[in-house]
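Geometric and topological summary
Listed below are the residues making up each chain.
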Amino acid sequence: MSELSVGPIQKYVEGSTWFDLTKYSRIGNVERTSVNLVESNLWLVDPSQLFIEESYAPRIAFLNEGAGFQSPIDATVTGAMNSSARIFDNLSGTNSILPSANAPLSVGDWVQLSNIAGGSQLNLIVTPNGVINNSRAPLSTDPTNNPIGSNPSSPIYWVAYADPNAHNPLLVMGYEDIVGDRSDNDYNDGLLLVDIGRANFNRIFETANFGQDATINLADAQPVPVPFEVESSMGLLLLLGIFACRSLLFKQRQQIDVA
Ligand SMILES: [Ca+2]
Ligand SMILES: [Ca+2]
């Protein structure tokens, strides 16, 4: 199948849905430059590098929004596959940071996308207040078509945080929905969780990592070497686990010997 499609909205079920909603709850409450990346073990990555090298059917969740705007979210896929689809008709919530009673979403709602062929570039697009009025320019994770505004990080209107330690490694993605002078540059007007599969995540994490300084200007950010390979850190955790089990067994044996 070569057309991108999006399944029905599914509800978050704690403990069984593919992400942990509570883990990222603080991101929506602070400005981009104040997110504590080290404490959260999150890493800034380049949101324009959502390259699907290995075929995968992504999942996208509504994490939060702090917007008065009612904005649709779209996805485009180019390369091995060329298609686009609407992800959320209106990224507005009834229980989000800036809720509205008639909003269509609840925090944690998510959708399953159809398979994206390996060798495709994925981009996400918000059309600010597009549900009400289609006059504002769409803002893409690909900045090349975005308008230039007074925002110091312009034309970058999306930010991406990688969580390599999540059970399913994922990207937290946020956008700034105002281009002009009224922009507060908080980049939390809408927040999504994006699962692109472990292999694609690892490649982006290792090649498009901007580090853990939340105050950098996104417009001239440069990739930095990550301090460890994701796989080897998993190996280290396994090793630590084996040592922990061994010392526990040793202690138990000592207790038996004493008894
Ligand atoms: Ca709202
Ligand atoms: Ca904002």
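Quick caveat: nothing in here was measured; it's all calculated off a predicted structure.

1. Description of the overall build of the protein chain
- Within the protein chain one finds three helices and twelve strands.
- When the 259 residues of the protein chain are sorted by exposure, 39% land in the buried category.

2. Here we look at the environment of Gly118
- With respect to the helices, strands and loops of the structure, Gly118 is situated in the loop between strand 6 (110-112) and strand 7 (120-126).
- Placed 37 residues apart in sequence, Gly118 and Met81 show a C-alpha to C-alpha distance of 8.3 Å.

3. Some points on the sheet that holds strand 11 (residues 190-195)
- Sheet architecture is open: seven strands sit in the order 6-3-11-10-9-1-12, paired in antiparallel fashion. With partners counted over all chains shown, the strands left at the sheet margins are strand 6 and strand 12 (209-211), one partner each. Adjacent strand axes in the sheet meet at a mean angle of 30°, parallel and antiparallel pairs treated alike.
- Two elements, strand 1 (residues 43-45) and strand 9 (residues 158-163), share three bridges in a ladder whose sense is antiparallel.

4. Focus: the nonpolar core
- If you look at the biggest cluster of nonpolar residues, it comprises 58 residues, and the most contacted ones within it are Val45, Ala162 and Val172.
- Those residues in contact with Val172 that sit more than four places away from it in its chain are Tyr24, Ile27, Leu42, Leu63, Tyr161, Asp163, Leu191 and Leu193.

5. Some details on helix 2 (residues 198-207)
- Those residues of helix 2 lying buried are Asn200, Phe201, Ile204 and Phe205. Here the buried residues of helix 2 occupy an arc of 130° about the axis, which is enough to place them on one side.

6. What to know about the pairing of strand 9
- Burial analysis of strand 9 places six of its six residues in the buried class, the great majority of the element.
- Along strand 9, one buried face is formed by Trp158, Ala160 and Ala162 and the opposite face, lined by Val159, Tyr161 and Asp163, is buried too.
- Adjacent in sequence and paired antiparallel, strand 9 and strand 10 (residues 170-175) are bridged by six residues.

7. Description of unusual backbone geometry
- Ser154 connects to Pro155 through a cis peptide bond whose omega is 5°.
- The phi dihedral of Asn129 is positive, around 60°, even though this residue is not glycine.
- Following the sequence through the fold, Asn129 ends up in the loop between strand 7 and strand 8 (139-140).
- For Asn129, a count of 18 C-beta atoms within 10 Å translates into the label partly exposed.
- With a phi angle near 55°, Tyr187 is a residue other than glycine that sits in the positive phi range.
- For Tyr187, the position within the fold is in the loop between strand 10 and strand 11.
- Using a count of 25 C-beta atoms within 10 Å as the deciding quantity, one classes Tyr187 as buried.

8. Here's the deal with the pairing of strand 11
- Within strand 11, six of the six residues are buried, which leaves the element mostly enclosed by the surrounding structure.
- Covered by surrounding structure in strand 11 are Gly190, Leu192 and Val194 together with Leu191, Leu193 and Asp195, the residues of both alternating faces.
- By the bridge criterion, six bridges tie strand 3 (residues 59-65) to strand 11 in an arrangement that is antiparallel. When the sheet's bridge partners are listed, Asn64 is paired in strand 11 with Leu191.
- Pairing geometry for strand 10 and strand 11, over five bridges, is antiparallel. Across the sheet, the residue bridging to Leu171 is Val194, located in strand 11.

Conventions we followed
Per-chain numbering applies: the sequence of each chain, read as written, is numbered from 1 onward. Note on labels: chains are lettered from A, ligands numbered from 1, in written order. Given that this is a predicted model, residues contribute local features only at a pLDDT of at least 70 and side-chain atom pairs are listed and counted only at 80 or more, while totals for whole chains, interfaces and linings are drawn from all residues. Numbering goes from the N terminus for both helices and strands, where a helix is a DSSP run of H or I of at least four residues and a strand is a run of E of at least two. Residues with at least 20 other C-beta atoms within 10 Å of their own are called buried, those with 12 or fewer are called exposed, and the rest are partly exposed. The C-beta atoms themselves are positioned from the backbone. For two strands to count as paired, DSSP must find a minimum of two bridges between them. Here an angle of 0 to 180 degrees is reported between the N-to-C directions of two axes, which are lines fitted to C-alpha atoms, with helices fitted over the stretch in contact. Note on terminology: a nonpolar core is any set of buried Ala, Val, Leu, Ile, Met, Phe, Trp, Tyr and Cys residues joined through C-beta atoms within 7 Å. C-beta atoms are first placed from the backbone for all residues, and any pair lying within 7 Å is then listed as a contact. Here, the arc refers to the directions that run from the helix axis to the C-beta atoms.

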